[in-house]
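# Structure at a glance
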Amino acid sequence: MIRVENIAKAFNGKEVLKGISGTFEKGKPNLIIGSSGTGKSVLLKCMVGLIQPDEGFVYYKTKEFTFASRNDKTEVRREIGMLFQGGALFDSKTVEQNVMFPLDVLTKMPLAEKLDRVNFCLERVGLQGQNKKMPSEISGGMQKRVGIARAIVNDSKYLFCDEPNSGLDPQTSILIDDLILEITEEYNTTTVVVTHDMNSVMGIGEKIMFLYQGHKLWEGNKDDIMHSGVKEFDDFVFANKVMQKLRK
Amino acid sequence: METLGKYFIFLGKLFVNTESFKTYFKLTIDEAINIGINSIFLVSLVSFFMGAVTTIQTAYNLISPLIPDYVISLVVRDMTILELAPTIIGVIYAGKVGSSMASGLGTMRITEQIDALEVMGINSTSYLVLPKILGALLTYPVLVIIAGLLNIAGGYLAGTLSDVITPYEYIYGIRFEFNPYTVTFALIKSVVFAFLVSSISSFKGYYTVGGSLEVGKASTAAVTQSVIAILLADYLLAQLLL
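Residues numbered from 1 in each chain as written. Chains lettered and ligands numbered in written order. Predicted model: local features only at pLDDT ≥ 70, side-chain atom pairs only at ≥ 80, totals over all residues.

### What about the overall build of chain A?
Formally: Secondary structure follows DSSP: runs of H or I at least 4 residues long count as helices, runs of E at least 2 residues long count as strands, and numbering of each begins at the N terminus. Based on C-alpha atoms, the radius of gyration is set beside the globule rule, defined as 2.2 Å times the residue count to the power 0.38. Partly exposed residues are those falling between the two cut-offs: more than 12 but fewer than 20 other C-beta atoms within 10 Å of their own, whereas 20 or more means buried and 12 or fewer means exposed, with C-beta atoms placed from the backbone. C-beta atoms are first placed from the backbone for all residues, and any pair lying within 7 Å is then listed as a contact.
Of regular secondary structure, chain A possesses 9 helices and 10 strands. In terms of overall dimensions, chain A is globule-like: its C-alpha atoms have a radius of gyration of 18 Å, near the 18 Å expected for 248 residues. If one aligns the C-alpha atoms of chain A with their principal axes, the spans along those axes are about 55 × 45 × 35 Å. In chain A, which comprises 248 residues, the share counted as buried stands at 42%. Counted over contacts in chain A with a minimum sequence separation of 6, partners at least 24 positions apart contribute 67%.

Quick look at the structure:
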């Protein structure tokens with residue numbers, strides 16, 4: 001479980017996050033949703049330590065992370081897997097080398113064992129046999145799946161996904177969402193997904209946090225969406241024509 | 001001043017929370033090949049022609065019959081060892097290697113590859129930059145030695161083929177009152193320049209913010225600032241060590 005407490009962040013005097021608190025539970029996808037520029041990705045980056053919040057705390061189980069020493073942070077980070085918006089695969093490495101990278105750097109596993117683990121993870125994301133391809137030789141959806149394989153190769157306890165569906169077609173988006181859900185349930189990870197894709201919200205939104213102009217305005221799950229009672233949330237959810245028809 | 005402070009903090013980060021020796025060894029060898037071996041052709045070409053041109057132009061300027069011909073190769077030797085091989089090749093090195101380092105790191109930054117390393121608990125500064133600096137420190141002095149030899153060889157060929165100096169006089173001039181300390185001085189300069197080019201270029205690339213346009217700007221700034229640093233260091237080292 002991850003808990004954030006009163007997280008605030010400003011850039012050049014502009015407040016992006018204003019006292020965000022909440023918990024992200026184990027074994028289910030926790031979604032952070034909201035329009036562009038509401039601070040979703042900033043919150044995610046505060047949680048993984050890529051951005052230092054001005055105020056507030058992030059707890060992994062009971063360990064305080066935000067102001068922990070570099071060594072303590074490293075200890076927690078080695079249990080984190082992250083899928084970036086653009087995949088963030090290393091251009092100069094093959095698919096296999098990309099997935100094996102955390103094992104190469106963070107473990108002393110023998111090569112044969114590492115290869116087994118990599119092949120298992122690639123198979124798990126449906127990319128068996130793609131080991132020797134370079135990131136530039138595979139599609140955007142496949143890059144995301146390689147990113148997921150890399151994020152779980154080290155038996156990560158925490159999985160963070162920053163807009164996993166951006167730039168993907170609807171079918172591939174569903175495939176990625178399903179994969180995130182399956183992996184979360186199968187490995188009992190604490191998964192945090194930042195998205196503004198309503199298909200994802202309706203598909204895997206077991207726990208949803210809605211951000212609006214840096215504030216947390218609503219929290220619930222996909223079943224509560226239709227009757228949130230929050231105007232800003234309704235505006236966001238029902239901006240989509242399909243959702244409007246669904247409501248009618 | 002703020003940038004200078006940030007640069008020194010950046011250098012400090014190279015040595016904290018490091019990975020295993022084996023990891024750095026492999027990465028340093030890769031970088032040495034990438035930035036050293038792959039620069040040999042350009043360095044050789046430039047050095048050879050620089051030596052040839054220096055010989056011809058020195059001969060053209062020494063028109064007094066009172067000055068013996070071996071002075072031509074003596075001038076070529078001292079210019080080569082003291083300035084042409086370490087400094088001018090340093091400027092070319094900054095253009096080739098510095099821009100490549102800055103654009104490589106800049107691209108990694110904007111495509112979140114550096115963030116990916118940080119999230120994994122890897123000190124990205126140390127992991128990405130330290131091998132580049134070590135690779136440059138290992139290979140640039142070798143490039144300077146190659147450049148010096150080819151400079152003198154280029155001068156020999158151009159001088160003898162165009163009959164401005166005989167082979168005997170050229171060799172005599174090269175050996176005349178040779179001071180081995182000049183070679184030591186050149187090698188000290190090469191180590192300092194390698195450090196400046198690799199660290200400044202990495203610094204500019206590592207802190208790129210924005211998109212592809214900013215990567216280009218970082219690359220240009222890396223070359224400009226590396227060249228300025230080389231020229232300043234060249235002057236300071238000459239004052240201190242000669």
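### Focus: the packing of helix H5 (residues 140-152) of chain A against helix H6 (residues 170-187) of chain A
Residue and element names in this part refer to chain A. Quick reminder of the rule: In this description, a line fitted to the C-alpha atoms serves as the axis of each element, helices being fitted only across the stretch in contact, and the angle between N-to-C directions of two axes falls anywhere from 0 to 180 degrees. Every angle not falling under 35 degrees, over 145, or within 65 to 115 is termed oblique; those three ranges are roughly parallel, roughly antiparallel and roughly perpendicular. When residues are grouped by polarity, Ala, Val, Leu, Ile, Met, Phe, Trp, Tyr, Cys and Pro land in nonpolar, Asp, Glu, Lys and Arg in charged, and all others, Gly among them, in polar.
At a minimum axis separation of 10 Å, H5 and H6 run at an interaxial angle of 10°. As the angle between them shows, H5 and H6 are arranged roughly parallel. Each of Gly-141, Lys-144, Arg-145, Ile-148 and Ile-152 in H5 lies in contact with H6, whose residues at this interface are Thr-172, Leu-175, Ile-176, Leu-179, Ile-183 and Tyr-187. Of the residues in the contact of H5 with H6, the class split is 7 nonpolar, 2 polar and 2 charged.

### Notes on the sheet that holds strand E5 (residues 63-64) of chain A
Residues and elements named next belong to chain A. Using the following cut-off: Being paired, for any two strands, means DSSP has found at least two bridges between them.
Sheet architecture is open: 4 strands sit in the order E2-E1-E4-E5, paired in antiparallel fashion. Of all strands in the sheet, those bounded by a partner on one side alone are strand E2 (14-24) and E5. Where strand E1 (residues 2-11) lies against E2, 7 bridges are found, and the strand directions are antiparallel. Bridge assignment links Val-4 to a residue of E2, and that residue is Gly-22. Across the sheet, helix H1 (residues 40-48) touches E1, E2 and strand E4 (55-60), and the angle it forms with E1 is around 120°.

### Points about the interface of chain B and chain A
Counting from both sides, the interface comprises 14 residues of chain B and, opposite them, 15 residues of chain A. The greatest single-element share of the side of chain B that touches chain A, amounting to 5 residues, is contributed by helix H5 (residues 113-119) of chain B. Looking at the side of chain B that touches chain A, its residues break down into 5 nonpolar, 5 polar and 4 charged.

### Points about the sheet that holds strand E10 (residues 215-220) of chain A
All names here are of chain A. Taken in spatial order, the 6 strands line up as E6-E7-E8-E3-E9-E10 in an open sheet, and their pairing is mixed. The sheet is open, and its two edges are formed by strand E6 (80-83) and E10, each paired on a single side. Ignoring strand direction, the axes of neighbouring strands in this sheet form an average angle of 20°. The pairing of E6 with strand E7 (residues 158-162) spans 4 bridges and is parallel. What sits directly across from Met-82, in E7, is Phe-160.

### Some words on the packing of helix H4 (residues 70-110) of chain B against helix H9 (residues 212-241) of chain B
Residues and elements named next belong to chain B. For clarity, the threshold we go by: Should the near helix be turned anticlockwise from the far one by less than a right angle, the crossing is left-handed, and should it be turned clockwise, the crossing is right-handed.
Closest axis-to-axis distance for the H4/H9 pair is 8 Å, and the angle between their directions is 145°. Crossing hand, H4 versus H9: right-handed. Of the residues contributing to the contact of H4 with H9, the split by class is 11 nonpolar, 10 polar and 1 charged.

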